[in-house]
Amino acid sequence: MTIPDTPTSPTNAPQRQPWEEQSLRGRVLFVEDSQTSAAVTVHYLEQFGLQVRHVTTAEQALEVLGFEFDLVLSDFFLDGQLTGLDLVERIRARNDDLSLLPVLVLTSAEETDHRIGSLRAGANDFIYKPFHPEELYARLRNLLALRHAYKKLYTQKKAMERLSVTDGLTNLYNKRFLNGEAPAILGRAQRSGHPLALLVMDLDHFKHINDTYGHDHGDRTLKMVAEALEEEFQEVDLIARYGGEEFVVVLDRADRAQAALRGERLRQRLADLPLDPPVTASVGITAQHVDEPVRDFDQLFREADRALYGAKDSGRDRVAVWEWTTGQAEVRFPA
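Reading the values: the criteria
- Residues numbered from 1 in each chain as written.
- Predicted model: local features only at pLDDT ≥ 70, side-chain atom pairs only at ≥ 80, totals over all residues.
- Heavy atoms only, no water.
- Pairing = 2+ DSSP bridges.
- Helix = DSSP H or I, 4+ residues; strand = E, 2+ residues; numbered from the N terminus.
- Axes fitted to C-alpha atoms, helices over the stretch in contact; angles between N-to-C directions.
- Expected span 1.5 Å × (residues − 1).
- Bend = angle between axes of the 7 residues up to and from the residue.
- Buried < 20%, exposed > 50% of the residue type's maximum accessible area, 1.4 Å probe, protein only.
- Contact = heavy atoms within 4.5 Å.
- Polar contact = N/O pair within 3.5 Å; in protein donor to acceptor, adjacent residues only side chain to side chain.

A. Inspection of the sheet that holds strand S5 (residues 125-129) at higher detail. Spatial ordering of the open sheet is given by S2-S1-S3-S4-S5, a layout of five strands whose pairing is parallel. Every interior strand has two partners, whereas the edge strands, strand S2 (51-55) and S5, have only one. Going from strand to strand, the sheet's axes swing by 20 degrees on average, the running direction of each strand aside. Note: strand S1 (residues 27-31) against strand S3 (residues 71-75), four bridges, orientation parallel.

Here you go:
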């Protein structure tokens, strides 16, 4: 015996739409000059779960385009001087990561040349107008999955880049970054006609700390020293762990006297750290002044290093400055 369908039978239940089963995540920049078509499309985009920014011209789209968007949906023909094809070309011509933003082009079935041109310009996909909502949902889902995968890879790439230029223990910049960036900072200072100082610091008797109290205690000491450096020179862009217990600070727009005072403040700050045993440091400083012969970064580093050894030879826990006129290190602090 056949059982007739009832109002509660599954065969009579309304079919759920894909976006009711799984909503989309993302923010869409939607470019459409027809208010009627735009209202329909925006309705579906919001039903899909997307956030929508609607503009009517490619010019407006380029003005608001930013990293908060995950996808561009654009009609081919638009108000203004630029078409959807022009918009695709402008996006792909960018020199930042927005050049990889997925673009879906709305076009009619008769516009074969426009579809081909859009794809050649770099559009990821196209959809015919009038579109079927389920097809639009599917194409958007695929492009958003591509975008989310790229953003994940981009985040991982940036993390790897950060790791390649920072010291794993202290999170300061490392020697590689210092050697790559400091010459450019020095060059800009020389061209601009303002001074630049270089500070090199070495912790005193650090090997004794490691050998006596263990490497865990030594690592804790280095971390606390790095934090003190960042607090003391928080306005400075380049603080680096050069290696072991040696640190370097590039002080743009600082002369020898100013850098020596900053070095003394740092020396005192380190002495006040809650460490047992207490830690002291020797500091060497040099500078490139406007009225001096131009030196490169390697020459400045050698000068600061000689000043550092001058501080150590004078009993450690000192700040010494390399004097260009005498070619010698002069201990400035403690007085």
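The structure having been displayed, the exposition proceeds.
B. Fine view of helix H7 (residues 175-192). Between its first and last C-alpha atoms H7 spans 26 Å; for 18 residues at 1.5 Å apiece the expected length is 26 Å, and the two agree. Maximal helix bending in H7 amounts to about 30 degrees, located at Glu 181; proline Pro 183 follows within four positions. Those residues of H7 that fall on the buried side of the exposure criterion are Phe 177, Leu 178, Ala 182, Ile 185, Leu 186, Gly 187 and Ala 189. Contacts made by the buried residues of H7 are with helix H6 (133-165), strand S6 (196-203), strand S7 (238-243), strand S8 (246-252), strand S9 (281-288) and helix H11 (297-313). Two to three positions downstream of the cap, the backbone nitrogen of Arg 176 sits 3.3 Å from a side-chain oxygen, assigning the N-cap of H7 to Asn 174. Phi turns positive, to about 80 degrees, at Gly 193, one or two residues after H7.

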